[in-house]
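# A look at the structure
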Amino acid sequence: MAKSNKGKKAKYETYNMVPLGKLKQQKGKVLNPFAAVGGINHPSSWIDECVPNILWAVLVVAAVDRATYLSIFRELLHAAHGNIPKHAELHVTHNFLSIASEEEFDAMMKPVLTDNRLRTPLSALLAVDSLPDKAHWARHLKLEDKDAALRFLAVAINDVFGHQSQKATDIRWLKLMYMLHCREQMKFDISMKDKVDQILGYPDIGDQRSVRPSIRALELTVRTVEFQLDGAEVHWPKERQRMAAFNSEAFWQQMFSDVRCLVLSNYPHVERAPEALLNDLSEIADALSLHFMATISTTKADPRHEASFGLALYALHLATICGSSGHGLVDGRITLRTIMELFVLLRYLTLQDNPTLWLQYRKYGTGQTKLAFLKYMKEENLPDFIDLDELHSIANEDRWMELEDIDLGHWAGSNLRKMAESAGVKDVYDKFYDWASGYVHGQWASTRSAVFVNCLNPLHRFHLIPSTHVLPMPSVLSDACKLINRILDDVNSLYPPFKDRLTAYKGMTEEEPDESIKVVEAESPRGL
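Since this is a predicted model, take the numbers as computed values, not measurements.

### Here's the deal with the overall build of the chain
From N to C terminus, the chain includes 21 helices and six strands. Counting all 528 residues of the chain, 43% fall into the buried class. When contacts within the chain are restricted to residue pairs at least 6 apart in sequence, long-range pairs at least 24 apart make up 75% of them.

### Considering the packing of aromatic side chains
Counted according to the given criterion, the structure contains 13 aromatic pairs. With 6.0 Å between their ring centres and 85° between their planes, Trp56 and Phe73 make a pair best called edge-to-face. Taken as a pair, Trp56 in helix α2 (residues 55-63) and Phe73 in helix α3 (residues 66-83) lie far apart in primary sequence, 17 residues in all. Trp56 gets classed as buried once you look at its relative accessible area, which sits at 0%. Relative to Phe73, the ring of Tyr69 has its centre 5.7 Å away and its plane inclined at 50°; by these criteria the two rings are tilted. Pair noted here: Tyr69 and Phe73 are both in helix α3, with a separation of four residues, about one helical turn. By the burial criterion, Tyr69 is buried, and Phe73 matches it. Clustering of aromatic rings is evident, with ring pairs tying together Trp56, Tyr69 and Phe73. If you follow Arg172 out to its NZ or CZ, it ends over the ring of Trp46, 5.7 Å from the centre. Positioned over the ring face of Tyr439 is Arg333, at 5.9 Å from the centre of the ring.

### Regarding helix α9 (residues 166-183)
Its 18 residues give α9 an end-to-end C-alpha distance of 25 Å, which sits within 8% of 26 Å, the value for a rise of 1.5 Å per residue. Just downstream of α9 lies Glu184, where phi reads positive at about 50°.

### Comments concerning the nonpolar core
By size, the foremost hydrophobic cluster in this structure holds 74 residues, and its most contacted members are Trp56 and Trp137. In terms of residues, this core owes the most to one element, α9, which gives 10 residues. Not counting the four nearest positions on each side in its chain, Trp56 is found in contact with Phe73, Leu76, Val92, His94, Leu97, Met109, Val112, Leu122, Leu125, Trp137 and Leu174. Core analysis: the next-biggest nonpolar cluster, separate from the first, contains 52 residues, Leu278, Met419, Ala423 and Ile487 among them.

### Points about the confidence of the model for the chain
Overall, the prediction assigns the chain a mean pLDDT of 89, with 89% of residues at 70 or greater. Here residues 509-513 is modelled with pLDDT under 50, and outside its nearest four sequence neighbours on either side it reaches eight contacts, counting other chains as well. Low pLDDT, under 50, characterises residues 524-528; the predicted model gives this stretch 12 contacts beyond four residues in sequence or across chains.

### Section: the side chain of Thr350
Relative to the elements of secondary structure, Thr350 occurs in helix α15 (residues 330-352). Within polar-contact distance, the side chain of Thr350 engages the backbone oxygen of Leu346 at 2.6 Å.

### Digging into the state of the cysteines
Using the criterion set out here, one finds zero disulfides in the structure. Residue Cys261 stays outside any disulfide, its sulfur separated by 3.9 Å from that of Cys455, the closest cysteine. Judged by its relative accessible area of 0%, Cys261 falls in the buried class. Of the cysteine sulfurs around Cys322, a residue in no disulfide, the closest is that of Cys481, at 8.6 Å.

### Remarks on helix α12 (residues 248-258)
Among the residues of α12, those classed as buried are Ser248, Phe251, Trp252, Gln254, Met255 and Phe256. If you follow the buried residues of α12, they end up packed against α1 (46-53), α2 and α8 (146-160). Two or three places before Glu249, at the start of α12, stands the capping residue Asn247, its side-chain oxygen 3.2 Å from that residue's backbone nitrogen.

### A few points about the packing of α15 against helix α16 (residues 355-377)
Geometry of a packed helix pair, given as the angle between the helix axes and the separation of the axes. α16 packs onto α15 with a crossing angle of 150° between their chain directions and a minimal axis gap of 8 Å. The pairing of α15 with α16 is recorded here as roughly antiparallel in orientation. By crossing handedness, the relation of α15 to α16 is classed as left-handed. Residues Leu345, Leu346, Tyr348, Leu349, Thr350 and Gln352 of α15 form the contact with α16, whose own contacting residues are Leu357, Trp358 and Tyr361. When grouped by side-chain class, the residues that make up the contact of α15 with α16 number seven nonpolar, two polar and no charged.

Scoring rules and cut-offs
Every residue gets a number counted from 1 within its own chain, in the order that chain's sequence is written. Totals for whole chains, interfaces and linings use every residue, but because this is a predicted model, local features are given only for residues with pLDDT of at least 70 and side-chain atom pairs only at 80 or more, for both listing and counting. Working from all heavy atoms in the structure, the side-chain values ignore hydrogens and water. The helix count covers DSSP runs of H or I at least four residues long, the strand count covers runs of E at least two residues long, and both are numbered beginning at the N terminus. A simple rule labels every residue: compare its accessible area, found with a 1.4 Å probe on the protein chains alone, to the largest value its type can have, and call it buried under 20%, exposed over 50%, or partly exposed in between. Here, two residues are considered to be in contact whenever any of their heavy atoms come within 4.5 Å of each other. Note on aromatic contacts: the rings of Phe and Tyr and the six-membered ring of Trp form a pair at centre separations within 6.5 Å, being stacked when their planes are under 30 degrees apart, edge-to-face when over 60 apart, and tilted otherwise. Counting as a charge over the ring demands two things of the Lys NZ or Arg CZ atom: a distance within 6 Å of the ring centre and an angle within 35 degrees of the ring normal. What a helix is expected to span follows from its residue count: subtract one and scale by 1.5 Å. Buried Ala, Val, Leu, Ile, Met, Phe, Trp, Tyr and Cys residues form a nonpolar core when they are joined through side-chain atoms within 4.5 Å. Note: pLDDT gives the predictor's confidence per residue, expressed from 0 to 100. Throughout this description, a polar contact denotes any pair of N or O atoms lying within 3.5 Å of each other; where both atoms belong to protein, one of them has to be capable of donating a hydrogen while the other can accept it, and for residues adjacent in sequence the pair is counted only when both atoms sit in side chains. When two cysteine sulfur atoms lie within 2.5 Å, the pair is treated as a disulfide. Here the axes come from fitting lines to C-alpha atoms, over the contacting stretch only for helices, and the angles between their N-to-C directions go from 0 to 180 degrees. Roughly parallel refers to an angle under 35 degrees, roughly antiparallel to one over 145, roughly perpendicular to one between 65 and 115, and oblique to any angle outside these ranges. The sense of a crossing depends on the near helix, which, turned anticlockwise from the far helix by less than a right angle, makes the crossing left-handed and, turned clockwise, makes it right-handed. Ten residues, namely Ala, Val, Leu, Ile, Met, Phe, Trp, Tyr, Cys and Pro, are considered nonpolar, four, namely Asp, Glu, Lys and Arg, are considered charged, and the remaining ones, Gly among them, are considered polar.

Listed below in structure tokens is the structure:
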């Protein structure tokens, strides 16, 4: 059911990201934070391009503890600077290592190659067909078991998949340090001395909460040299012009071909809503209906009375429908989006409490019914869900529809966002509108959420696979009940007293995971 708020945001508070309030807007677009400095012209992807180009380091950080691999990285930097005269022409990535001579490669990689703990893990490099410096590694390593090597490679890539993870940051520090220590191409203003000292002394100097983001930001600039992108100042002597570009996509295609997808054997099912809640919904709907009858003051059309009770009863009706099982499915999100709009409408009308607005709301709905009826009268083949008798009856309910105008604008000359602001419930709009509306409008993120799952194999970059199951989602019932209670507050303010409220949602808890769910290999490489 509904998850607790505890810890929901905590895991993201250490992420390096700019808060929404600090992002600039321009011509209807919220700009990314790099736009202020001209953007990143070549945003090479960490996982797509960078990880395949430094696989050896990815394997090292998975094989030994952090203190050990950071020590190995430092030894490598010193070895490259001290033992390779032309160290400024090289780098620690596979494409640069491919142009190193055997003597240069051996001198730079000695701290890695002489550590016996790394020999078996590093042998996984020999399973990669497209590795540009494979010949160098093959002189020192032997592949005994390709399947085992690929399994370890999957574990290693999983460890660094997140570009802000600790191990990924450590590898990005290594790349940056080679540029600082061996290529000596990066120059800094004197005001940056403390920051540079912190990077040189990583991870023992400075507040790592600011040092790590600095490392990641500077490593982005290194990629122009790593991938020989536009603007990179690299002037190769003739003997270096045989550099082999690492086709990163060839690496990923091989992994997709050689290794099966991993998928869940089954998925949790959505439980029916608590019986106590369903009973509450039914009982409150009954009580509200009785209160409607008790507060009728005229048998003439009464826009205020009928709309206020109608909106509340509609919300209860929707919650009851999705309570059977849809509360944890796409149905629930669409329902919650509608209940939120019902709440905003009633709160706006209640605060304004203007007879003209109540009438406009009703007349707009009647006009839309007339418009629909007239449109369907032009159709040769009616949709099956259309009941023309119902449309004609509603369109003529208040008075003959020929006398009614059809308003093609908004009935209040506004929109839902502005109405929420006027009603003082913009916070509710912000919480529920955008994400829930995506399911109504078929936006990509909502479509993806509803029908796709991830392959669980890191070697497949966790690509998308269509789900053969209806995917459960967090329940909307708790949020729906809270909104309905606020709707009932408005009914009570218009036609007191009405004190009944929903309470069963307070006891809803998250379901225990199904221990029978296991990860299994898909029947085919594509997982379908």
